Amino acid sequence: MLNIDLHCHSNVSDGVLPPAEVVARAAANGVHVLALTDHDDVAGLADAQAAAEETGLTLIPGVEISVTWSGQTVHIVGLRIDHAHPELAAGLHGIRLGRIERAQRMGEDLARSGIVGAYEGAYDYAANKQMVGRTHFARWLVAQGHTPDMRSAFRHFLTRGNPGYVEHQWTSLENAVGWIRASGGMAVIAHPGRYAFNARELHLLLDAFRALGGEGIEVITGSHHPSEYGKFADLARAFGLKASRGADFHAPGEGIDIGRLPALPHYCQPVWQGWPELEAHFSLSPT
Ligand code: AMP
Ligand code: MN
Ligand code: MN
Ligand code: MN
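Throughout this description, residue numbers start from 1 for each chain and increase along the sequence as written. Chain letters start at A and ligand numbers start at 1, both assigned in the order the entries are written. It should be noted that, the model being predicted, local features are given only for residues of pLDDT at least 70 and side-chain atom pairs only at 80 or more, the latter also being counted only at that level, while totals for whole chains, interfaces and linings use all residues. Only hydrogens and water are set aside; all other atoms, that is, all heavy atoms of the structure, feed into the side-chain values.

### Side note on the coordination of the manganese ion (ligand 3)
As a reminder, the rule being used: The donor definition counts N, O and S atoms within 2.8 Å of each metal and applies 3.2 Å to Na, K and Ca; water is not among these atoms, so some sites may look incomplete. Secondary structure elements are taken from DSSP: a helix is a run of H or I of four residues or more, a strand is a run of E of two residues or more, and numbering for both begins at the N terminus.
Ligation of the manganese ion (ligand 3) by protein atoms is provided by E64 (OE), H75 (ND1) and H191 (NE2), these donors lying 2.0 to 2.2 Å from the ion. Read N to C, the donor residues that coordinate the manganese ion (ligand 3) are spaced as E-x10-H-x115-H. The metal-metal distance between the manganese ion (ligand 3) and the manganese ion (ligand 2) is 5.4 Å. Of the two residues, H75 sits in strand 4 (residues 72-79) while H191 sits in the loop between strand 5 (186-189) and helix 8 (199-211), which places them 116 residues apart along the sequence.

Shown next as structure tokens:
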């Protein structure tokens, strides 16, 4: 069976490995087809593609776009995008400008709780200075001894109602899906189990997403508990969405490793069905 992992991060966003090392790790883990999906930036794709050509792994150009929908943050993964497409590039650039200002406000909010120097600290942790995010703040808070681990960093800081959380308006669902489609890509709702929506709100999101031309939803992700896989596989089928699989790998030792998730349930229609990139692998592997 092909090992396909369509969600991971490099240090171009909030992962820790450079893009080429993410690809090397995926290859070493037995991944055949990998999508690099950094938050709001595509700057790692060229290096990742070069590394993929050395390993025989197939790289799918991807991105994970931050969206505000119905007052909540939702992540939309774009797969098989053209990362040079001007509309997509301009849209992502706008999101990154907003991130810089947001990170400064997060630092000010933490300072009001007596934690000083957080913005500068998080900034030092970010390889891409346009992409300072909550994960960089979390790593700094842990390193400074303000909290024991990443989980508690998000639990006691950086989430709604806690120091370091500031409201932020990301782009619209319509923009994110529109840019992905304009660049020739497929839009996929990331880790649906992570959002604080009730069933009705989630159904509204899936309907709105479908109406905009969204095509897929993550069923198997590092963010879902195994007990949730069936629920999202059923939702995918009920809403006519294809199913995706991705570890959402960020760093060795943090969460699930690349390519180390179970297969999609057999009744799912995978997002990769019909992709020409997969043919090379099928022709190589005996059936
Ligand atoms: P941002 O885009 O700056 O809001 O940061 C969001 C990122 O924070 C996500 O992509 C995850 O990598 C990370 N994150 C969010 N919640 C948690 C959590 N509870 N534990 C660990 N990482 C988290
Ligand atoms: Mn992340
Ligand atoms: Mn995400
Ligand atoms: Mn992600």
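### Comments concerning the site of ligand 1
Stated formally: One heavy atom suffices: a residue is near a molecule or strand as soon as one of its heavy atoms comes within 4 Å of it. Two N or O atoms form a polar contact when they lie within 3.5 Å of each other; inside protein one atom must be a possible hydrogen donor and the other a possible acceptor, and for residues adjacent in sequence the pair counts only when both atoms belong to side chains. Computed with a 1.4 Å probe, the accessible areas rest on the Shrake-Rupley method; for each residue, only the protein chains presented here act as cover. Of the two site types, the cavity is a set of points on a 1 Å grid over the protein atoms alone where a 1.4 Å probe fits but cannot get out, and the pocket is an open set with protein on both sides within 12 Å along at least five of seven lines, each lined by residues with an atom within 4 Å of a point. Think of it this way: if more than half of a molecule's atoms are within 2 Å of a pocket's grid points, that molecule is in the pocket or cavity.
Surveying the vicinity of ligand 1 reveals the residues D14, H39, R99, R102, G133, R134, T135, F154, R194 and H250. With respect to ligand 1, the side chain of H39 contributes an N or O atom lying 2.8 Å from an oxygen atom. At 2.8 Å from an oxygen atom of ligand 1 is found a side-chain nitrogen or oxygen belonging to R102. Alone, ligand 1 offers 500 Å² of accessible surface; in the complex the protein occludes 78% of this. Cavity membership is defined here by more than half of the atoms lying within 2 Å of grid points; on that basis ligand 1 lies in the largest pocket. Elements represented by at least two residues in the shell around ligand 1 include exactly helix 3 (86-112) and helix 5 (134-143).

### Focus on the coordination of the manganese ion (ligand 2)
Under the convention used in this document: For four-coordinate sites, all angles between 85 and 135 degrees define a tetrahedron; for four- and six-coordinate sites, opposite donors beyond 155 degrees with the remaining angles between 65 and 115 define square planar and octahedral shapes respectively, and all other cases count as irregular.
The protein atoms that coordinate the manganese ion (ligand 2) are D14 (OD), D14 (OD), H39 (NE2) and H250 (NE2), at distances of 2.2 to 2.7 Å. For the manganese ion (ligand 2), the six donor atoms are set out with angles of 52 to 152 degrees between them, so the coordination reads as irregular.

### Brief notes about the packing of aromatic side chains
Threshold: Pairing of aromatic rings covers Phe, Tyr and the six-membered ring of Trp, with a centre-to-centre limit of 6.5 Å; geometry is then stacked below 30 degrees between planes, edge-to-face above 60, and tilted otherwise.
Scanning the model with the defined rule gives three aromatic pairs in all. Among the aromatic residues, those joined into a cluster by ring pairs are W69, Y195 and F197.

### Notes on the layout of surface pockets
Empty space left among the atoms is revealed by rolling a probe the size of a water molecule over them. Spelled out, the test is: Grid points are joined across faces, edges and corners, and a volume is the space filled by probe spheres set on the points.
Volume-wise, the largest pocket comes out at about 1500 Å³. Lining the largest pocket are 43 residues, with H75, R134, F154, T159 and R194 sitting closest to its centre. Counting residues per element, the ones that place at least two in the lining of the largest pocket are strand 3 (58-69), strand 4, helix 3, helix 5 and helix 6 (150-156). Ranked by the residues each element gives to the lining of the largest pocket, the list is headed by helix 6, at four residues.

### Describing the sheet that holds strand 5
Cut-off, in case you're wondering: Paired strands are those between which DSSP finds at least two bridges. Every residue pair with non-hydrogen atoms within 4.5 Å of one another is taken to be in contact. To define axes, lines are fitted to C-alpha atoms, for helices over the stretch in contact only, and angles between the resulting N-to-C directions are given on a 0 to 180 degree scale.
With mixed pairing, seven strands are arranged side by side in an open sheet as 1-2-3-4-5-6-7. Two strands bound the open sheet, and with one partner strand each, they are strand 1 (4-5) and strand 7 (242-246). Sheet topology note: the strand 2 (residues 33-36)/strand 3 ladder contains four bridges and is parallel. When the bridges of strand 3 are listed, L36 appears paired with P61. Here helix 7 (residues 173-182) sits on the sheet and contacts strand 3, strand 4 and strand 5; the angle it forms with strand 3, its principal contact strand, is near 160 degrees. Its contacts with the sheet put helix 8 on strand 3, strand 4, strand 5 and strand 6 (216-221), and the angle it makes with strand 5 is roughly 180 degrees.

### Details of the environment of D234
Within the secondary structure, D234 sits in helix 9 (residues 229-238). C-alpha separation for the pair D234 and P265, spaced 31 residues apart in sequence, amounts to 9.8 Å. A distance of 3.0 Å separates the side chain of D234 from the side chain of Y267, its partner in a polar contact.

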